[in-house]
Each structure stands twice: as C-alpha cells, then as structure tokens.
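# Observations on the three-dimensional arrangement
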Amino acid sequence: MSNYFSHLASQHVLVTGGTGFIGRELVNQLLAAGHHVTLFSRQPERAARTFSPAPGQISAFSSWQTLASDTQFDAIINLAGAPVVGPRWSAARKQALRDSRVGVTNQLLGWLQGAAHKPAVLINGSAIGYYGCRGDEPLDETASTKNEFMSDLCREWEEAAVKAEAFGVRVVRLRLGLVFGPGGAFPKLLLPFKLGVGGRMGDGRQVMSWVHRNDVIAVIARAIAKPDMRGAYNMTAPQAPTQAEFAALAAKLLHRPNLFVTPACVLELLLGEMAALFTKGQRVVPKRLLDEGYQFEFATLEAAIQDNLSH
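Calculation notes
Residues numbered from 1 in each chain as written. Predicted model: local features only at pLDDT ≥ 70, side-chain atom pairs only at ≥ 80, totals over all residues. Heavy atoms only, no water. Helix = DSSP H or I, 4+ residues; strand = E, 2+ residues; numbered from the N terminus. Expected span 1.5 Å × (residues − 1). Buried < 20%, exposed > 50% of the residue type's maximum accessible area, 1.4 Å probe, protein only. Contact = heavy atoms within 4.5 Å. Polar contact = N/O pair within 3.5 Å; in protein donor to acceptor, adjacent residues only side chain to side chain. Pairing = 2+ DSSP bridges.

## Topic: helix α6 (residues 213–225)
Taking 1.5 Å of rise per residue, the 13 residues of α6 would be expected to cover 18 Å, and the 19 Å separating its terminal C-alpha atoms lies within 8% of that figure. Listing the buried residues of α6 in full gives R213, N214, D215, V216, I217, A218, V219, I220, A221, R222, A223 and I224.

What follows is the structure, given as structure tokens:
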C-alpha cells in the first residue's frame, strides 16, 4: 500500500482520536512519511507508545490548557469520538457520545481561538448519520438532517467544527459511512458467516453505505494538499449494496451458507433505539468527490471483502 502523505511537504499535524481504527493507520502513515504528529488523548503516554516513530516525531497531551498557544500546526485532523455501537443509548450514553465529539471539538476550538498560529485546515471526521435513516433515497451533500439522535449528534458536531472558519481556517467535513478494512467493524460483520450462521438482518432491503479505510486516509491527505477543498464531503464508496446483497456476497466469498434471518424486532428488543443502525438504511452518494475526479481505491464491496480476507 502506498503512503498517502509521502508527497506532502513537512507537516506538523494535530490528531484527535489517533488510536482508533482510522487514526492508528493515519498516524502510522504520517510518521512513516516523516511528518510530526501531536496527539490529543485521555492517556497521552500510552497513546504515544502505541507508535514507533523517529525521535522527536510524536508528542501527546491530555488537557487543552497544557497545549501552548504558540504551538504551530499545519493541519488538525479531528477523529475523536466514543464508539456509537456499544451500550444502549440511555440518556447518559447519549451525553457521553456528545461529550466525546461535540465537547472535544468545542475544547479544540477554544484552544484554536487563542492560538498564535492558525493551521491551514481542520479536517473533521463526521458521519453519514448526519442525514438520519432515509431508506433508499439517494443522499448527496445537499441533503437535510432529520429529527433523530444520530442526525442531531452529527449536526451539532459539524456546527462546532465550522466555527473554525471564523479564525480563517479552512474546514473540511468528512461524513463517513461504515468504515471497512483490516480490523474495525468488518471482522464482526463477517464472523457469523465464518461460523456458518450468517444471513440478513430484518428484511435485508436497508442500504449499507460503506467506505474502505484506505480511501478515508487518501481523502484526508487530499484535503491537506488541496486548498480548494472545503465544506462537507460524503466519504462513502460509490457502490452501496443492500444488507441482503452484503450477506449473499459475504457467504459466497467465504463459501458459507446464507440461511439465517435476524428479525428486526429482535434487534430492537436487544438494542433499543440503536437498532436503527442495523435495520434502517441510507443510500449516501459521494457526489462531490466523484465530481472532483477522485478515484476510489476500493469502489466495490467485493474488493473490500477480498482485502479483509487477505489480511
């Protein structure tokens, strides 16, 4: 795999969420390309030890008050956020998800307001939850939000990030689909098929808008390099299958049966409001990236599954 940051002039990049599924590969590539990375993390020493950079290439902090106002960053990549899939969405859980996204972004903006040197760009990793669950309706970047928790969360998150524009910072908002790649959510989705108990969820007609981690990182590098990139971009592959199509393809490639059905009512009973992530779909179209000529490394689901199976 090529390093997407090797062509950039030397950068000092601030990264939040640098030890997550996307962040870890992102930081590894930045360091391998010779850039300097500063991590915001609740456990800064542990976060820094996650990586093996050249001396002086990486630093980490846990409090925005300790980050000097004269620290100079060329770019900020904001990937902070507790996992959405996890405990049921109680009021406390919803607040924790807000704090880890909107709260951290507001703290970042508080530091940025007083920073002596403003970065050229803030790249904010939002999600296609911004649009709410809309079935098979094609959604490009002009689509509206919906009165749902995930939609409200993503809207508040992006509204916080956009405030950086008042300081002369270019803001790129990437609305990520379900991110596939080695590790992450993919092995959990494929596990039932590997065990021979795979099948569809609900009626299977819900659309799965996904993206490969390689493409996410490639577009982040592109956003740093291209000063004309700004605003919202749907970070989803151009081919979005239904959940039933995903199940059929996974079973075929794994040479396993595709017989079982998990009724939507069972998921709703087990997961509550969070079940909508699995039973209701979104057809999110990467219109702006395609219009700008971006060519996806992983444009088809079959290519993404084959890549996962090869690791």
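## Some words on the environment of D74
Assignment of secondary structure puts D74 in the loop between β3 (58–61) and β4 (75–78). Residue D74 is classed as partly exposed on the basis of its relative accessible area of 30%. Here the alpha-carbon distance between D74 and V13, two residues 61 residues apart in the chain, equals 6.0 Å. Contact partners of D74, with chain neighbours within four places excluded, come to S10, Q11, H12, P119, A120 and V121. Of the polar contacts made by the side chain of D74, one reaches the backbone nitrogen of H12; its length is 2.7 Å.

## Remarks on helix α7 (residues 243–254)
For α7, with 12 residues, the first-to-last C-alpha span of 16 Å sits near the 16 Å given by 1.5 Å per residue. For α7, the full list of buried residues reads Q243, F246, A247, L249, A250, A251, L253 and L254. On the buried face of α7, the contacting elements are α5 (186–194), β9 (199–201) and α11 (301–309). H255 occupies a position one or two residues after α7 and carries a positive phi of about 55°.

## Concerning the pairing of β4
Residues in a regular strand project their side chains so that they alternate between the two faces of the sheet. Here β4 shows a buried face lined by A75 and I77 and a second buried face lined by I76 and N78. Pairing between strand β1 (residues 12–16) and β4: 4 bridges, direction parallel. Each bridged residue has a counterpart across the sheet, and for V15 the counterpart in β4 is I77. Of the strand pairs in this sheet, β4 and strand β5 (residues 121–127) are connected by 4 bridges, and their pairing is parallel.

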